[in-house]
Amino acid sequence: MTVPTVDAATPPKLAVENIQKTFFKSVKDDVVGIPVLNGVSLSVSQGEFVSVIGPSGCGKSTLLRIIDGLIQPEGGRVLVDGRIVSGPGSDRAVVFQYFGLYPWRSVLRNVEFGLELKGVPAKERQEIALENIAQVGLRGFENHYPHELSGGMRQRVGFARALSLDPQIILMDEPFSSVDEQTRELLQEQLLELWSATRKTILFITHSIDEAVYMANRVVVMGARPGRIVEEITVDLPHPRTSEVRALPRFGEIRAHAWEILKKGIRESAELNAAA
Amino acid sequence: MTTSLAHAAAREAAARRYVKRRNLAIRTGSIALLFLAWEIGGMFTPRIFLAPFHDTVLAFWKLTKDGTLLTATANSLSVLLAGLAISVVFGALLGLLMGRYLRFNWMIGPYVNGLYATPTVALLPVLSLWLGLYAGPKIAIVVLLAIFPIIKNTYAGVITVGQELLEPAVSMRASEFQIARLVIAPAIIPFVMAGLRLSVGRGIVGLVVGEFFTAQTGLGGLLVRYASSFRTAEMFVPIIVLVAAGYGLTSLVVLLQQRLAPWKETERDQGL
Amino acid sequence: MTAIDDIALQAERARIRRTKIDRVLIVVCTFIGFLAVWEIAGRLSNPLFFAPVSDVVREFWLSLLDPRGRLLNGLVETLSVLVPGFVIASVLGVALGVLMGRSNLGFQILDPYVTIFYNTPRVALIPLLLLWIGVGDPLKIVIVILAAIFPVSVNTMVGIRDVSAQFTEPARSMNATESQLLRKVILPATFPYVVAGIKLGLGRALTTVIVAEFFVSVSGLGGILQATSSSYQMAKMFAPVIILAAMGVAIDGLLTYLERSVLRRYRS
Ligand SMILES: Nc1ncnc2c1ncn2[C@@H]1O[C@H](COP(=O)(O)OP(=O)(O)OP(=O)(O)O)[C@@H](O)[C@H]1O
Ligand SMILES: [Mg+2]
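Below is a summary of the structure that appears in this document. Bear in mind the structure is a predicted one, so any value in this text is a computation, not a measurement.

### With respect to the overall build of chain C
Point 1. For chain C, the helix and strand inventory stands at nine helices and zero strands.
Point 2. Its helices and strands in sequence order give chain C the pattern α-α-α-α-α-α-α-α-α, from N to C terminus.
Point 3. For 268 residues, the compact-globule formula gives about 18 Å, and the C-alpha radius of gyration of chain C, at 25 Å, lies well above that figure.
Point 4. In terms of overall dimensions, chain C has C-alpha extents of about 80 × 75 × 30 Å along its principal axes.
Point 5. Per-residue burial over chain C gives 48% buried out of 268 residues.
Point 6. Here the contacts in chain C between residues at least 6 apart in sequence split such that 70% fall between residues at least 24 apart.
Point 7. Here chain C has roughly 13,300 Å² of accessible surface; of this, 69% comes from carbon and sulfur atoms.

### Overview of the nonpolar core
Point 1. By size, the foremost hydrophobic cluster in this structure holds 137 residues, and its most contacted members are Phe113(A), Val183(B) and Leu225(C).
Point 2. Counting residues per element, this core draws most heavily on helix 8 (residues 176-213) of chain B, which supplies 16 residues.
Point 3. With residues up to four places along the chain from it excluded, the contact list for Leu225(C) reads Ala122(B), Pro125(B), Ile210(C), Phe214(C), Met237(C), Pro240(C), Val241(C) and Leu244(C).

### Examining empty space enclosed by the protein
All names here are of chain A.
Point 1. Applying the stated criterion across every chain yields a total of six cavities of 30 Å³ or more.
Point 2. Estimates place the volume of the largest cavity at around 140 Å³.
Point 3. A total of three residues in the lining of the largest cavity trace back to one element, the largest contributor, which is strand 6 (residues 92-95).
Point 4. Of the residues in the lining of the largest cavity, the class split is eight nonpolar, three polar and four charged.
Point 5. Counted as a void, the second largest cavity has a volume near 60 Å³.
Point 6. Lining the second largest cavity, in full, are Gln135, Val136, Arg156, Phe159, Leu163, Phe176, Leu187, Gln190, Leu191 and Leu194.
Point 7. Elements with a minimum of two residues in the lining of the second largest cavity: helix 4 (151-164) and helix 5 (181-198).

### A closer look at the site of ligand 1
Residues and elements named next belong to chain A.
Point 1. By nearness alone, 13 residues border ligand 1, and Ser56, Gly57, Lys60, Ser61 and Thr62 come closest of all.
Point 2. Contact distances for ligand 1 include 2.5 Å between an oxygen atom and a side-chain N or O atom of Thr62.
Point 3. Within the complex, 62% of the 630 Å² of free accessible area of ligand 1 lies under protein.

### Looking at the pairing of strand 7 (residues 169-173) of chain A
Residue and element names in this part refer to chain A.
Point 1. Judged by how many residues are buried, strand 7 sits mostly within the fold: five of five residues are covered.
Point 2. The side-chain alternation of strand 7 yields two buried faces, one formed by Ile169, Leu171 and Asp173 and the other by Ile170 and Met172.
Point 3. Bridge analysis of strand 6 against strand 7 gives four bridges, and the strand direction is parallel. Pairing of Arg92 across the sheet is with Ile169, part of strand 7.
Point 4. Between the parallel elements strand 7 and strand 8 (residues 201-205), the chain passes through helix 5 in a crossover that is right-handed.

### Some thoughts on the interface of chain A and chain C
Point 1. Listed as interface residues are twelve residues of chain A and, on the opposing side, nine residues of chain C.
Point 2. Between chain A and chain C lies a buried interface of about 860 Å² when both sides are counted; carbon and sulfur atoms form 65% of it.
Point 3. For the interface between chain A and chain C, the tally reads zero salt bridges.
Point 4. Inspection of the region where chain A meets chain C yields zero residue pairs in polar contact (both at pLDDT 80 or more).

### Digging into the interface of chain C and chain B
Point 1. Counting residues at the interface gives 57 residues for chain C and 51 residues for chain B.
Point 2. In this assembly, chain C packs against chain B so that about 4,800 Å² is buried in total across both faces, 74% of it on carbon and sulfur atoms.
Point 3. Counting across the interface, chain C meets chain B through two salt bridges.
Point 4. Between Asp111(C) and Arg27(B) there is a salt bridge whose closest N-O contact spans 2.5 Å.
Point 5. Summed over the shared surface of chain C and chain B, the number is eight residue pairs in polar contact (both at pLDDT 80 or more).

### Overview of the packing of aromatic side chains
Point 1. Scanning the model with the defined rule gives 22 aromatic pairs over all chains in all.
Point 2. Members of the aromatic cluster, joined through ring pairs, are Tyr111(B), Trp130(B), Phe34(C), Trp38(C), Phe50(C) and Phe238(C).
Point 3. Looking at Arg246(A), its charged tip hangs above the ring of Tyr214(A), at a distance of 3.8 Å from the centre.
Point 4. Its guanidinium or amino end placed over the ring of Tyr118(C), Arg204(C) lies 5.2 Å from that ring's centre, counting from NZ or CZ.

### Comments concerning the pairing of strand 9 (residues 218-223) of chain A
Residue and element names in this part refer to chain A.
Point 1. Across the six residues that make up strand 9, a large majority, six, are buried.
Point 2. Judged from the four bridges that link them, strand 3 (residues 49-53) and strand 9 form a sheet pairing that is parallel. Within strand 9, the residue paired with Ser51 across the bridge is Val219.
Point 3. The pairing of strand 9 with strand 10 (residues 228-234) spans six bridges and is classified as antiparallel. Across the sheet, residue Met222 finds its bridge partner in strand 10, namely Ile229.
Point 4. Taking the residues between adjacent antiparallel strands as the criterion, strand 9 and strand 10 are bridged by four residues, where Arg225 takes a positive phi near 55°.

Conventions used here
Residues numbered from 1 in each chain as written. Chains lettered and ligands numbered in written order. Predicted model: local features only at pLDDT ≥ 70, side-chain atom pairs only at ≥ 80, totals over all residues. Heavy atoms only, no water. Helix = DSSP H or I, 4+ residues; strand = E, 2+ residues; numbered from the N terminus. Rg over C-alpha atoms; globule rule 2.2 N^0.38 Å. Buried < 20%, exposed > 50% of the residue type's maximum accessible area, 1.4 Å probe, protein only. Contact = heavy atoms within 4.5 Å. Areas by Shrake-Rupley, 256 points an atom, 1.4 Å probe, with all protein chains shown as cover. Core = buried A, V, L, I, M, F, W, Y, C linked by side-chain atoms within 4.5 Å. 1 Å grid on protein atoms, 1.4 Å probe; cavity = no way out; pocket = protein on both sides within 12 Å on 5 of 7 lines; lining within 4 Å. Points joined across faces, edges and corners; volume = space filled by probe spheres on them. Nonpolar A, V, L, I, M, F, W, Y, C, P; charged D, E, K, R; others polar. Near = heavy atom within 4 Å. Polar contact = N/O pair within 3.5 Å; in protein donor to acceptor, adjacent residues only side chain to side chain. Pairing = 2+ DSSP bridges. Right-handed = clockwise from strand over helix to strand, strands pointing away. Buried area = accessible area lost by both parts, 1.4 Å probe. Salt bridge = Lys/Arg side-chain N within 4 Å of Asp/Glu carboxyl O. Phe/Tyr/Trp six-rings, centres within 6.5 Å; stacked < 30°, edge-to-face > 60°. Lys NZ or Arg CZ within 6 Å of the ring centre and 35° of its normal.

Shown next as structure tokens:
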């Protein structure tokens, strides 16, 4: 499989144009602005798998929220299929960093939640939910409650919920961060299979350089404070990604390169902070 | 290896059983001592001050048989439950509005906080002037004591319904009404219940005071009537029922709390 | 920074300023509205049942100016049982809590009583105590103690049980004696709980002392309430209510402040 070529005539699936975001903080009697994103631009084509890495607090989750339409940027815009995003839409779904499950709902009812909001009839939404619960490997846990599940299982419930909405773009915020190493590899494999089967567009935030390179067609590296994109690395590794891919020398090269850039970004921001 | 482990476990289990039994024995002994002192004290004290414990037991039986106790209890419970029901409904509603609408909070927040800190029993005389002699002022004073913990807890609940619960719903395009019904309402139930648990005790205080000082009905009425005629054996009967009612209702709320919100560790009892 | 940031910052400043002004306006307008409704309702209704706020304020002011007046005397009388009763309750409550928190035997012996008394509406004991102690200050002091002691002791006990392991182990390993442990480690660590218990206890004590005064006093605040309402002196009746509300709010504010500053220190 190759990276889809971008046809100049059709707009990209997702376009992020020159995003500026500032959070405000009250300090004594005044407010100060903390710039979090400064001129972030990104273009993702249909069916692409893009990873985003960056130092903690550089604004990855904020970028994801802006793309979903949960918060509005001060400047710039987000386009999906060439249409400006002004709020959450059914073409996008988020898998939240903190799971975002409802403790009073069983696994099944949590997965059904989005469909329920859309007014999908009970029988139909249950069918869809059960299918997606099975998809993420949680069959048999339909009637459990989130507090009875491990972190990794909760994360998968959040994933099943996003899947059951059948979005075109899936926005994932460190989805495998609370999973142990073995489960993580299993989930990575499942996600890749699902991706190649459904051709969904995926934006995948992660802390792990290894994971970012292994999963994606492209790795976007962000720098800290205020967050911006320092470099985009095209991952020219073969598909399907299997554990052999990890052993390729090219894999190591790309990973080392990504780490170099990330380090530089961290160092620069430290100097910037020291100067300020 | 396994056998010695099994031995150790068995020994440990036996030791724990022993501690449990011993604790139970101490508790029973301790409480038995109270009744013994009551019995003996009652025998050597003039009846107008204290009657022996067994007289209270007999009085309990007599009052149960002739229906006095049942009538009084039903009377008191209906006032209490009416007051608590009103408190839950309006307390949860006010707390919800205060938490959800900043301006509403600015408007009534100071009064809610002020009245919560005020000993509202002070309003009883005027309530009984305004609301007459029947259940009105009693229910009103129960509400005035019981509603504030519920308002405060619900309010705290609403403002702690964090982004973690709201954001996914907004992301999935929930309407304001859907958010209220499907996210905020279930999320605040444990807080309402925590408030209600504090309210039970306060409500009973309101009930008793109301029954003392407006028309003397129910358990509180019985209590003053027996006290003023020095019938000390009978006097303890309504007190015992009130203690049991407080204990029973509180336990019921705790049980309900665990049933309705099993994900939430029951917060520690803060007293009141 | 950039122009966009600057504009956004200005907008945010303006928004916060507007919010502050809004808040003041809303609070003030609500208060004025509340007074206006009270005033109008008071003028329209039967003077035997309600008084306009202007009359209430005038009566209140006059009674405050009169140093030998009924209101100030009543306040003094109420405080003179509330304060000693409360001090005794706090000391005994902490002692009881320590006993229950540190000794299993103490806990097993006392816990049944604490459970019973905790669930006893303390006002229900007033008629009984009236028989035993008679009308007078001792009755009121005893009832204040009964009202306030259990929240203090239960909170102290819970605090001691909560903090124990985490803080005592380092001290133990440094060979602290039991008394050193208690004074230097356990009690300071339990302090926030004790303050919370005192706050609850004071609220209960205030309520209970008023009810006791309904029964037995003619001159305490509760007594004044009873007397003025039964003689339909509406304007006079609200004066003790105002004082009690002010007392409640002041005590609550003070203890909340104490609680917060203690907690802040303990967190860092
Ligand atoms: N609602 C908010 N109000 C104020 N500041 C915020 C808000 N949300 C995020 N921030 C700040 O913005 C910065 C970026 O936050 P964000 O959560 O986007 O970072 P992140 O890259 O996702 O970090 P992490 O890797 O730890 O998840 C942080 O400094 C954070 O403190
Ligand atoms: Mg993040």
